[in-house]
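Residues per chain, in single letters:
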Amino acid sequence: HVMNKVGPMLGTTAIPIGTQVFPGAVPGEVAIQRFPKPERLNKIYGALTSDINAIAESDKDTLKVIDPVTGVTRAEIIHAVINEEAVTVADVLARRTMIGLNPDLGVSSAEVVSREMATLLGWTEKQRRDSVKSYLAYITRFTVKAPLA
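Residues numbered from 1 in each chain as written. Predicted model: local features only at pLDDT ≥ 70, side-chain atom pairs only at ≥ 80, totals over all residues. Heavy atoms only, no water.

What follows deals with unusual backbone geometry. Notably, Glu85 is not glycine yet its phi reads approximately 60°, a positive angle. When you line up the elements, Glu85 lands in the loop between helix 5 (74-82) and helix 6 (89-96). Residue Leu105 is not a glycine yet carries a positive backbone phi of 60°. Within the fold, Leu105 resides in the loop between helix 6 and helix 7 (107-121). (Helix = DSSP H or I, 4+ residues; strand = E, 2+ residues; numbered from the N terminus.)

Take a look at the structure:
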């Protein structure tokens, strides 16, 4: 690694990246008390982890895991909608969270995410269903149509 070579020439030593906490992220010992896997939030959101922490502190029910594959919580869905202005299921699943990278492309979580979004955005049942339908149409480009030979 470069810092191991350059550091001595500059009179400094390298700091292991894995030990760093992103600016705004809560210290590990605090995060462990609040979240089941705090290091995941820090690695994904960095400084924005404090926004998700604030959501979780205001309502402990938001710590409920929405997607067991990725560990995404309700707080992260709320963060995507409120703070990142996501307005479609596709935006939340494919761009704002890692859910769309699941083996099923997030299909198993589309309903629960859409229900959370409907509550936050005031959607009608038809708007909610349409957003899920739109997401399912969007991901068809990523599905394998036939077995590879």
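Text resumes after the structure shown.
Attention shifts here to the packing of helix 5 against helix 7. Between helix 5 and helix 7, the least distance of the axes is 10 Å, while the angle of their chain directions is 50°. On the basis of their axis angle, the class for helix 5 and helix 7 is oblique. Handedness of the helix 5/helix 7 crossing: right-handed. On helix 7, the residues that touch Arg74, Ile77, Ile78, Val81 and Ile82 of helix 5 are Val113, Glu116, Met117, Leu120 and Leu121. A breakdown of the residues in the contact of helix 5 with helix 7 according to their chemical character gives 8 nonpolar, no polar and 2 charged. (Axes fitted to C-alpha atoms, helices over the stretch in contact; angles between N-to-C directions. Parallel < 35°, antiparallel > 145°, perpendicular 65-115°, else oblique. Left-handed = near helix turned anticlockwise from the far one by under 90°. Contact = heavy atoms within 4.5 Å. Nonpolar A, V, L, I, M, F, W, Y, C, P; charged D, E, K, R; others polar.)

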